[in-house]
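As a plain string of letters, each chain reads:
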Amino acid sequence: MTPEILLVMGVLAFAVLLFVFEWVRVDVVGIIMMVMLPLLGLVTPKQAISGLSSNAVVSIIAVIIIGAGLDKTGVMNTMARLILRFAGKSEMRIMTMISGTVAVISGFMQNIGAAALFMPAAKRIGNQTGVPVGRLLMPMGFCAIIGGCLTLVGSSPLILLNDLMVVGGKHYEPFGLFGVTPIGLLLIAAALAYFILFGRFILPNKNVDEISGPMSTLLTNTYGGIGSLFELHVPETWTNENNLMALELRPIYFSTVVAIARNKGTSHLFAPDALEGIQPGDHLAVVGPQEFVESMAEDFGWAMQSELTSFAEELSPNNAGIMEGIVTPRSELVGQTLSELRIRDRFKVSPLAIFRGEKLFVSGLTSIKIESGDALLLHGRWEMFHLLKDRPDFVFTEEVKGEVLRTEKAKIAVMWLLVALTLALGFHVQLSISLLAGALGMVLTKVLSIDEAYQSVDWMTVFLLGGLIPLGMAFENTGAAKYIADALMVALGHPTPLVLLTAIGILTSFFTLVASNVGATVLLVPLSMNMALSAGVDPRIAALTVAVAASNTFILPTHQVNALIMRPGGYKTIDYVRAGAGMTVVYMVVMISALMLLY
């Protein structure tokens, strides 16, 4: 063991300590590695910063921009809608469908690409259903990594496998495209079962900057008595011809109809006028205290729905909510009533309350003359609030959520995704260049502005991976990787097939946590095949063990996918240790069992 090997082992231990105890943020750990490794002479300065321009990091940047373009044009809304149609609001079904879908996609494209493309849809689904996004992204990320084992083109180690199976000048019979599929399917099934059975214990429960109701926590503290959002169904036997004003829903029940769905939910009327009538078969979206809404439904013979159905998407927290606007001295509202201003008709928002001084008005709002400094509580779709924030009438007390979607650009966004995939899969253009072409196309065709593209990139992920790549290089430069592998071979002596494959799997899993899975595969495939020949085991199976075990990387956020979901999921390193430790064991047991029984 040379001094360089001891030094790189010390740097690795230091990095692990930084990850575990979180003395600094994970991206700072990456920057520390970029600075420390060349200063210690373990890598060259060029190698130290080469991670920032690596194929993996550039691919991540590009695919995040492509995903942002798909999200901005509403494509991910459509994807989320399809999943919810089948999964409903069951956390287990949602998690299974998202994770299973991403796993299948990962079998045919890079797992980081599949995870990045699907992450916006997963976040929207979590926000819409109230399921904490942290309970969705980690299973999705783990299944994206495992999904790379479905085919021989799903992950870099499996792509390299056939070319590396050469020992003593003999080239062993290559595996077919679906030669690894049985193992991949068993691993995905095991991962889904693992999260279904143990997810409640190992996944974090908190949401990350997401809310599941129409009002933020800040506003709830002030306007908690205003209530929440409910859906009511008007029966076909309804004969009352009075309009909303005549029904006196606000004065009697302190409730406001904020939307009406008609024609079996195919048409929606947002912020209906007080003169609007209610028709048989209508679905009403109502904001009010639950006990009063229930009383109103009973008095009028309306059926209260257990959850939003006709408005599940349109009024979900992704697309609508409640905002507080402070009336400015320059506002045209000053000195006029909301009725005179026709605020519902002009701005498509529904007033719920007026806060003036220390008084809260929740009834008779349309007849109150607005004064400068009044706080108006309004319900509406985010797109309308985005238009209102640019007017001089209001200053909103919170940042307006959501965004104005460019749905007219949806087909163009999908086209650029297909262009990127065609270049990578059909013309074998390097993945980073293919994805950059797709991202650039989205900017040039105004799916995204260049500023929006920059803002969509999670730079924490970029610098984390940029610093871990040179750490892997240091392991190979110093001979530390070869030293560990040789020491294991000496320690094993003449093992049985089960012991040999288990040792190879554990060794590969260790290397992929601290070095690149490509580097681990290149180093360990020839070595494992030689070990297999010495032990009388099929060397092809030993090589396959290395290529599959290279995806067994869950305990630390060092894999690109784990790094990608870390910030959006609100995860800490301990979350990966808690969920990843069990997943690593399950992965190893299923992989070795499948190899022994099927191969």
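Calculation rules
- Residues numbered from 1 in each chain as written.
- Predicted model: local features only at pLDDT ≥ 70, side-chain atom pairs only at ≥ 80, totals over all residues.
- Heavy atoms only, no water.
- Patch = residues over 30% accessible without salt bridge, like charges linked within 9 Å, V, L, I, M, F, W, Y side chains within 5 Å.
- Areas by Shrake-Rupley, 256 points an atom, 1.4 Å probe, with all protein chains shown as cover.
- Salt bridge = Lys/Arg side-chain N within 4 Å of Asp/Glu carboxyl O.
- Helix = DSSP H or I, 4+ residues; strand = E, 2+ residues; numbered from the N terminus.
- Buried < 20%, exposed > 50% of the residue type's maximum accessible area, 1.4 Å probe, protein only.
- Phe/Tyr/Trp six-rings, centres within 6.5 Å; stacked < 30°, edge-to-face > 60°.
- Lys NZ or Arg CZ within 6 Å of the ring centre and 35° of its normal.
- Disulfide = S-S within 2.5 Å.
- Axes fitted to C-alpha atoms, helices over the stretch in contact; angles between N-to-C directions.
- Parallel < 35°, antiparallel > 145°, perpendicular 65-115°, else oblique.
- Left-handed = near helix turned anticlockwise from the far one by under 90°.
- Contact = heavy atoms within 4.5 Å.
- Nonpolar A, V, L, I, M, F, W, Y, C, P; charged D, E, K, R; others polar.
- Pairing = 2+ DSSP bridges.
- pLDDT = per-residue confidence, 0-100.

> For a nonpolar patch on the surface, give the residues involved together with the corresponding values.
A cluster of nonpolar side chains, contributed by Ile31, Val35, Leu39, Ile49, Leu52, Ile450, Tyr454, Trp459 and Phe463, occupies part of the molecular surface with about 860 Å² of accessible area. At the level of elements, α2 (26-39), α20 (450-456) and α21 (459-477) are the ones that each hand at least two residues to the nonpolar patch. By residue number, the principal contributor to the nonpolar patch is α2, which donates three residues. Mapped onto the elements of the fold, Ile450 is located in helix α20. Since its relative accessible area comes to 41%, Ile450 is described here as partly exposed.

> How would you summarise the packing of aromatic side chains if you had to cite specific residues and measurements?
Under the defined criterion, the tally for this structure stands at 17 aromatic pairs. Between Phe142 and Phe554 the ring centres are 4.7 Å apart and the planes differ by 50 degrees, which places this aromatic pair in the tilted class. Residue Phe142 is found in helix α8 (residues 134-147), and its partner Phe554 is found in the loop between α25 (539-549) and α26 (560-569); the two are separated by 412 residues along the sequence. Accessibility classification places Phe142 together with Phe554 in one group, the buried group. Ring plane angle 55 degrees and centroid distance 5.4 Å describe the contact between Trp238 and Trp302, whose orientation is recorded as tilted. Within this pair, whereas Trp238 is found in the loop between β3 (228-233) and α12 (244-247), its partner Trp302 is found in the loop between α14 (290-300) and β7 (303-304), the two being separated by 64 residues in sequence. An identical accessibility class is assigned to Trp238 and Trp302; each is buried. Grouped by ring-pair contacts, the aromatic residues Phe142, Tyr194, Phe195, Phe198, Phe554 and Tyr587 constitute a single cluster. Over the face of the ring belonging to Phe270 we find Arg381, whose NZ or CZ atom lies 5.0 Å from the ring centre. Above the face of the Phe175 ring, Arg540 is positioned so that its terminal group lies 4.2 Å from the ring centre.

> I'd love a proper account of the state of the cysteines, names of residues and values included.
What the rule picks out here adds up to zero disulfides. With no disulfide of its own, Cys143 has Cys149 as its nearest cysteine by sulfur position, at a separation of 11 Å.

> Run through the packing of helix α23 (residues 497-514) against helix α27 (residues 573-598), naming residues and quoting values.
Direction vectors running N to C along α23 and α27 enclose 140 degrees, while the axes themselves pass 10 Å from each other. When the interaxial angle is binned, α23 and α27 end up oblique. For the crossing formed where α23 meets α27, the hand is right-handed. Along its contact with α23, which presents Pro497, Leu498, Leu501, Thr502, Gly505, Ile506 and Ser509, the element α27 presents Met588, Met591, Ile592, Leu595 and Met596. Of the residues contributing to the contact of α23 with α27, the split by class is nine nonpolar, three polar and no charged.

> How would you explain the sheet that holds strand β10 (residues 359-361) if you had to name every residue and give the values?
Picture the strands of a sheet paired through backbone hydrogen bonds; they go either parallel or antiparallel. Pairing in this open sheet of five strands is antiparallel, and the strands run β10-β9-β11-β8-β12 from one edge to the other. The open sheet is flanked by β10 and β12 (394-396), the only strands paired with a single partner. For this sheet the average axis-to-axis angle between neighbouring strands, irrespective of direction, equals 30 degrees. Judged from the six bridges that link them, strand β9 (residues 349-356) and strand β11 (residues 375-381) form a sheet pairing that is antiparallel. Opposite Phe355, over in β11, you have Ala375 as the bridge partner.

> Give a detailed account of the confidence of the model for the protein chain, specifying residues and quantitative values.
Of all residues in the protein chain, 96% have pLDDT values of 70 or greater, and the mean over the chain is 86. Mean pLDDT across the elements of the protein chain bottoms out in strand β1 (residues 166-167) (74) and peaks in strand β6 (residues 283-288) (95). Ignoring residues within four places in sequence, the model shows residues 208-212, a span with pLDDT below 50, making 14 contacts including any to other chains.

> Talk me through unusual backbone geometry; I want residue IDs and the actual numbers.
Not every positive phi belongs to a glycine, and Phe254 is a case in point at roughly 50 degrees. If you trace the backbone, Phe254 turns up in the loop between α13 (249-253) and β4 (256-262). Note on Phe254: relative accessible area 32%, which makes it partly exposed. Non-glycine residue Asn263 carries a positive phi angle of around 55 degrees. Looking at the secondary structure, you find Asn263 in the loop between β4 and β5 (267-270). The exposure class assigned to Asn263 is exposed, which follows from its relative accessible area of 58%.

> Any details on the packing of α8 against α26? Residues and values, ideally.
Geometrically, a packed helix pair is captured by the angle between its two axes and the distance between the axes. Remark: α8 packs on α26, axes separated minimally by 10 Å, with the N-to-C direction vectors making an angle of 175 degrees. Overall, the two elements α8 and α26 adopt an arrangement that is roughly antiparallel. Between α8 and α26, the residues in contact are Gly134, Leu137, Met138, Met140, Gly141, Phe142, Ala144 and Ile145 and Val561, Asn562, Ile565, Pro568 and Gly569, respectively. For the contact of α8 with α26, the per-class residue count stands at nine nonpolar, four polar and no charged.

> Report on the pattern of salt bridges, specifying residues and quantitative values.
Under the definition given, this model contains 14 salt bridges. Arg381 serves as the salt-bridge partner of Glu383, at 3.6 Å between the closest nitrogen and oxygen. A salt bridge links Arg406 to Glu452, with the nearest nitrogen and oxygen atoms 3.0 Å apart. Of the two residues, Arg406 is situated in the loop between β12 and α18 (410-426) and Glu452 in helix α20; the sequence distance between them amounts to 46 residues. Accessibility expressed as a relative area gives 22% for Arg406, which makes it partly exposed. Residues joined in a network through salt bridges with shared partners are Glu332, Arg346, Arg391 and Asp393.

> Let's hear about the pairing of β6: which residues, and what values?
In terms of residue burial, β6 counts as a mostly covered element, since six of its six residues are buried. Every second residue of β6 is oriented toward a common face, with His283, Ala285 and Val287 on one face and Leu284, Val286 and Gly288 on the other, all of them buried. The pairing of β3 with β6 spans six bridges and is classified as antiparallel. Within β6, the position partnered with Ser228 by the bridge is Gly288. Pairing analysis gives five bridges linking β4 to β6, with the strands arranged antiparallel. Paired with Ala259 across the bridge in β6 is Ala285.

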